[in-house]
Amino acid sequence: MSDRDDPETIGRRVQQLRADRGLTQKQLAEPAYTPAYISTLEAGRVRASDDALRHIAERLGVAFEELATGRPAHLVTDLRLRLTEAQRALATGDAEAAAGQYAALLAEAQAHGFAEEQAVALLGLGECGIDTGELDSARRHFERAEQVLAEADAPLPARVPALRGRAVSHYLAGELRYAVYLLESTLDELNRGGLHDPDALLLLYASVIGPYMDMGVHARAAQAAEYALALAPQAADPALVARMHRSVARTLLAEGRVAEADASLAKAAELYRQLQIRTELANCHWMRGYVCAQNGELERAEAELREARSMLTAQRAALYTSQVAVELADVLHRRGKSDEAAALLHEVLSHLSPERGALHSAAAHRLLGIIAEDAHDTETAEEHYVRALSLLERAGAAGDLADLCRLLGDLLRRTGRVEAALDAYRTGLGHRTAPGTTTLGPAPAQPPL
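Here's a quick rundown of the structure.

What counts, and at which threshold
- Residues numbered from 1 in each chain as written.
- Predicted model: local features only at pLDDT ≥ 70, side-chain atom pairs only at ≥ 80, totals over all residues.
- Heavy atoms only, no water.
- Phe/Tyr/Trp six-rings, centres within 6.5 Å; stacked < 30°, edge-to-face > 60°.
- Helix = DSSP H or I, 4+ residues; strand = E, 2+ residues; numbered from the N terminus.
- Buried < 20%, exposed > 50% of the residue type's maximum accessible area, 1.4 Å probe, protein only.
- Lys NZ or Arg CZ within 6 Å of the ring centre and 35° of its normal.
- Polar contact = N/O pair within 3.5 Å; in protein donor to acceptor, adjacent residues only side chain to side chain.
- Contact = heavy atoms within 4.5 Å.
- Expected span 1.5 Å × (residues − 1).
- Bend = angle between axes of the 7 residues up to and from the residue.
- Core = buried A, V, L, I, M, F, W, Y, C linked by side-chain atoms within 4.5 Å.

## Focus on the packing of aromatic side chains
A ring pair, where both rings are aromatic, is described by two values, the distance of the centres and the angle of the planes.
Next, step 1: Within the structure shown, the criterion is met by two aromatic pairs.
Next, step 2: Taking 6.0 Å as the distance between ring centres and 25° as the angle between the ring planes, the aromatic pair formed by Tyr 178 and Tyr 181 counts as stacked. Within this pair, Tyr 178 and its partner Tyr 181 are both found in helix H11 (residues 176-192), separated by three residues, close to a single helical turn.
Next, step 3: For Tyr 178, a relative accessible area of 35% puts it in the partly exposed group.
Next, step 4: Residue classification places Tyr 181 among the exposed residues on the basis of a relative accessible area of 51%.
Next, step 5: Lying across the ring of Phe 64, Arg 54 places its NZ or CZ 4.5 Å from the centre.

## Points about the side chain of Glu 117
Next, step 1: Structurally, the position occupied by Glu 117 is in helix H8 (residues 115-132).
Next, step 2: Here Glu 117 falls in the buried class, since its relative accessible area comes to 5%.
Next, step 3: A distance of 2.7 Å separates a polar atom in the side chain of Glu 117 from a polar atom in the side chain of Arg 80.
Next, step 4: For Glu 117, the residues in contact, after removing those within four places along its chain, are Val 76, Leu 79, Arg 80, Leu 83 and Ala 109.

## Focus: the environment of Ala 402
Next, step 1: In this fold, Ala 402 is placed in helix H21 (residues 398-414).
Next, step 2: The spatial distance from the C-alpha of Ala 402 to the C-alpha of Arg 426 is 9.4 Å, given a sequence separation of 24 residues.

## Some points on helix H12 (residues 198-215)
Next, step 1: With 18 residues, H12 ought to run about 26 Å at 1.5 Å a step, and its terminal C-alpha atoms sit 26 Å apart, in line with that.
Next, step 2: The sharpest bend along H12 reaches about 30° and sits at Ile 209, with the proline Pro 211 one to four residues further on.
Next, step 3: Burial within H12 is extensive, with 16 of its 18 residues counted as buried.
Next, step 4: Note on H12: the residue one or two positions beyond its end, Gly 216, has a positive phi of about 85°.

## Here we look at the nonpolar core
As a rule of thumb, soluble globular proteins bury nonpolar side chains together.
Next, step 1: Membership of the largest hydrophobic core comes to 113 residues, with the highest contact counts inside it found for Tyr 102, Ile 130, Tyr 205, Ile 209, Leu 345 and Tyr 385.
Next, step 2: The biggest single contributor to this core is H12, with twelve residues.
Next, step 3: Those residues in contact with Tyr 385 that lie beyond four places of it in its chain are Arg 366, Gly 369, Ile 370, Glu 373, Leu 404, Leu 407, Leu 408 and Leu 411.
Next, step 4: Residues Ala 29, Ala 52, Ala 57 and Leu 67 belong to the second largest nonpolar core, which totals 16 residues.

## Let's talk about the side chain of His 384
Next, step 1: Turning to its location among the elements, His 384 is positioned in helix H20 (residues 378-395).
Next, step 2: Among the polar contacts made by the side chain of His 384, one reaches the side chain of His 365 at a distance of 3.0 Å.
Next, step 3: Once residues lying within four places of it in the same chain are set aside, the contact partners of His 384 are His 365, Leu 368 and Gly 369.

## Considerations on unusual backbone geometry
Next, step 1: Backbone torsion omega between Glu 30 and Pro 31 reads 0°, so that peptide bond is classified as cis.
Next, step 2: Relative to the elements of secondary structure, Pro 31 occurs in the loop between helix H2 (25-29) and helix H3 (35-42).

Functional significance is not addressed by these values, which are geometric in nature.
Put into structure tokens, the structure is as follows:
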């Protein structure tokens, strides 16, 4: 039960505020009510109507919300203003500063019982964890955000950012199938239930591209990219507009125009969220680059992948940047720029570990093996293939694993180690029966575009 629904709590508050201001019950009551009514209200024996509380609030010189809930009217708006500051820090790439701001704001929101603001702070902490590669911490924050929103009876579209965040944290940790399950089941529930929220759908379709690609489900990845680009919101310069709305909100708040300040802050928060979506939209450029590479359009593929990498680097999205860098290195190698490709891959590996970006590390080792083979350095090539094989087995990336076993088997056969080559081929055949598609059900229902 909230304070507004508790007559005793409100009665004590009225009595305290009246005493602080040196007013009698008669002075507080007139002209609309009687002293007896005020006495009964202060004793907690009557539930005051909104009209009565507004009259009393005006006589006491406080806001209706403060009298009804015990919280100053500007408190929530001030908290939201500072949440947009944290969003700005995260959207412009300063994840560590944003994490500190979000942590302090979460504690404040919890102290006052603000569920919506708690969820926003938890989502922000989760996104900070994704950007810095602290995946376990990120997943826990997203799970807590889901719980807070569920307890507040938030609809599914409002819970999508938390669900999507949890899926991405599983994906980046190498848990591909579970990530796809979370994203596809949420998409299906939204589309089949008629909950066609464009922002929610954009987040989900953009986020599922990476897992699809790593699982070898390229047709679904291409379709998801098409949907994401069709749903993408348009903003000429969201950072500039968001900054304007923040400034307006400060001015309105200083003038006591709380409702108008809230409206400006809501617009700023939405624009900062759109800035974060740019990280997701970079996946669409990556997907286009991949398709171009598959079609032999290597020059265009390089341009698309460089654009994706540039967008992700600007957002300081380290793990996503590594993923695109591997794809770019592949295109560079195919264009005869093997030295540049190898340098890029070694840079990727310097920022990753088996626990943080296993799939990206495996892809980098695989490509370094191919480059070494082309340079007739079979010993180095084998070393990279074996490292990649170990990483892929842990992640369960079946399609990539089968392909890698073929590469390793061919190398071993060419160097005269026939039995070892046969073992590699057998391992690959064991995974070839399921090139990343066997446990995926029907594709999610399509959105109305």
